[in-house]
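Observations on the model geometry
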Amino acid sequence: MKQPSLDKLESRVGSKYALAVLAAKRARQLTESQFADKYPKGTKPVTVALVEIAEGKIKYEWGKKKA
């Protein structure tokens, strides 16, 4: 599985920091589930998370204001 380009990922999310946080959270979710059954052996959860972000499968909200 090939990782998407950083430019494409950054344009989807907005910043490198937000991309790192979003990818880490999704990779953690994948690790806790049984993601290995769906992907080829040796595929890492971070790679899967980055591909999902690039494809627009991950929905997120940043910066909710506190009341």
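Residues numbered from 1 in each chain as written. Predicted model: local features only at pLDDT ≥ 70, side-chain atom pairs only at ≥ 80, totals over all residues. Heavy atoms only, no water.

One side chain can pair with another of opposite charge once the charged atoms of both are near each other. Per the counting criterion, the structure on display carries two salt bridges. In this structure, Glu-52 engages Arg-26 in a salt bridge whose closest nitrogen and oxygen atoms are separated by 2.6 Å. Placement of the pair is Glu-52 in helix 3 (residues 45–55) and Arg-26 in helix 2 (residues 16–32), with a sequence separation of 26 residues. On the basis of relative accessibility, which here comes to 21%, the residue Arg-26 falls in the partly exposed class. Here Glu-55 and Lys-57 are joined by a salt bridge, their closest N and O atoms 3.1 Å apart. (Salt bridge = Lys/Arg side-chain N within 4 Å of Asp/Glu carboxyl O. Helix = DSSP H or I, 4+ residues; strand = E, 2+ residues; numbered from the N terminus. Buried < 20%, exposed > 50% of the residue type's maximum accessible area, 1.4 Å probe, protein only.)

Turning our eyes to something else, we now look at helix 3. With eight of eleven residues buried, helix 3 is to be regarded as a mostly interior element. Buried residues of helix 3: Thr-47, Val-48, Ala-49, Leu-50, Val-51, Glu-52, Ile-53 and Ala-54, and no others. Elements that come into contact with the buried residues of helix 3 comprise helix 1 (6–13) and helix 2. At the exit of helix 3 stands Gly-56, carrying a positive phi of roughly 80°. (Contact = heavy atoms within 4.5 Å.)

Turning next to the nonpolar core. Counting ten residues, the largest nonpolar core consists of Leu-9, Val-13, Ala-18, Leu-19, Leu-22, Ala-23, Leu-50, Ile-53, Ala-54 and Ile-58. Mapped by element, the contributors of at least two residues to this core are helix 1, helix 2 and helix 3. (Core = buried A, V, L, I, M, F, W, Y, C linked by side-chain atoms within 4.5 Å.)

Here Lys-44 shows up in the loop between helix 2 and helix 3. Given a relative accessible area of 58%, Lys-44 falls into the exposed group. Expressed as a C-alpha distance, the spacing of Lys-44 and Leu-30, which sit 14 residues apart in the sequence, is 9.5 Å.

Any link to function would need more than the numbers given here.
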